[in-house]
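Per-entry structural report
Each chain is listed here by its residues.
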Amino acid sequence: MPVSQQSLSRAINSTLRRMPAWPIYFIGAAWAGWLFYLGLTGGLGPEPINALERRYGEVALQLLVAGLFVTPLRTWTGVNLVKFRRALGLTAFFYVLAHFLVWAVLDLRNLARIGEEIVKRPYITIGFAAFLLLIPLALTSNNISIKRLGAATWRKLHRLTYPAVLLGAIHYIWLVKGYPIEPFIYAAVIVGLLLVRLRWTRLRSATA
């Protein structure tokens with residue numbers, strides 16, 4: 001890494017160390033509330049429930065992708081956003097949960113149909129599987145869980161992020177109609193980041 005880049009990354013990291021992670025939760029909750037308000041007042045178009053469901057899912061996927069970028073960003077540029085990764089992950093789970101609840105409560109309007117729809121429609125099956133994978137990650141995203149599980153076990157558990165975000169990308173592609181380019185861009189970025197992670201893992205194993 002060039003000296004000038006190292007100096008810049010140190011300056012950025014010095015600023016980041018003074019910044020708390022809690023504003024991510026606040027901004028995430030405020031944006032979710034604003035989207036819900038738009039849905040109630042007609043600001044999301046003629047099909048507000050579908051639009052709200054889609055927007056919550058998209059934000060969740062964006063936050064999961066942002067979490068995947070933390071390690072490559074540190075490796076390639078020296079900028080360290082690790083302290084914000086937990087907040088990104090928990091906020092992403094909040095949006096996944098909101099996405100699910102809008103679908104289950106406002107879209108289906110019949111909780112007894114949830115299981116039927118999950119089994120009947122493959123894209124819902126995949127999305128629900130991603131949701132289930134994220135639940136233990138959300139429940140253990142705290143210091144107490146790290147101490148109880150041990151750092152090594154905790155890290156292994158949180159590798160469930162990778163299949164979860166990949167399933168989320170597939171769910172998004174399968175969900176949309178007309179094959180717009182955006183879901184495929186998300187999928188390509190996610191696959192690229194996972195391949196980078198796999199390559200680094202293999203390199204570390206080879207040099208161990």
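Above this text you will find the structure in question.
Worth saying up front: this structure is predicted, and the values here are computed from it rather than measured.

1. So, the overall build of the protein
For the protein, the count of helices and strands is 10 helices and zero strands. Along the protein, helices (α) and strands (β) appear in the sequence α-α-α-α-α-α-α-α-α-α when read from the amino end. Once the C-alpha set of the protein is aligned to its principal axes, its extents read approximately 55 × 40 × 35 Å. The contacts in the protein between residues at least 6 apart in sequence include a share of 70% that link residues at least 24 apart. For the protein, the exposed surface amounts to about 12500 Å²; the carbon and sulfur share of it is 67%. One way to put it: in the protein the 23 positive side-chain charges average out to a point 23 Å from where the 7 negative ones average out.

2. Things to note about the environment of His158
Among the secondary structure elements, His158 is positioned in the loop between α8 (151–157) and α9 (161–175). A relative accessible area of 14% means that His158 is categorised as buried. Between the C-alpha atom of His158 and that of Ile144, which follows or precedes it by 14 residues, the distance is 15 Å. Look past the residues within four positions of His158 in its chain and what remains in contact with it is Leu137, Thr140 and Ser141.

3. Observations concerning the pattern of salt bridges
For the structure on display, the rule yields two salt bridges. For Glu117, the salt bridge goes to Arg113, with nearest N and O atoms at 3.2 Å. Across the salt bridge formed by Arg121 and Glu117, the nearest N and O atoms sit 2.5 Å from each other. Residues participating in the shared-partner salt-bridge network are Arg113, Glu117 and Arg121.

4. So, the side chain of Glu58
Mapped onto the elements, Glu58 comes out in helix α3 (residues 48–77). Despite its burial, Glu58 pairs with no opposite charge, the nearest such side chain being Arg55 at 4.6 Å.

Definitions and cut-offs
Residues numbered from 1 in each chain as written. Predicted model: local features only at pLDDT ≥ 70, side-chain atom pairs only at ≥ 80, totals over all residues. Heavy atoms only, no water. Helix = DSSP H or I, 4+ residues; strand = E, 2+ residues; numbered from the N terminus. Contact = heavy atoms within 4.5 Å. Areas by Shrake-Rupley, 256 points an atom, 1.4 Å probe, with all protein chains shown as cover. Lys, Arg positive; Asp, Glu negative; His and termini not counted. Charge placed at Lys NZ, Arg CZ, Asp CG, Glu CD. Buried < 20%, exposed > 50% of the residue type's maximum accessible area, 1.4 Å probe, protein only. Salt bridge = Lys/Arg side-chain N within 4 Å of Asp/Glu carboxyl O.

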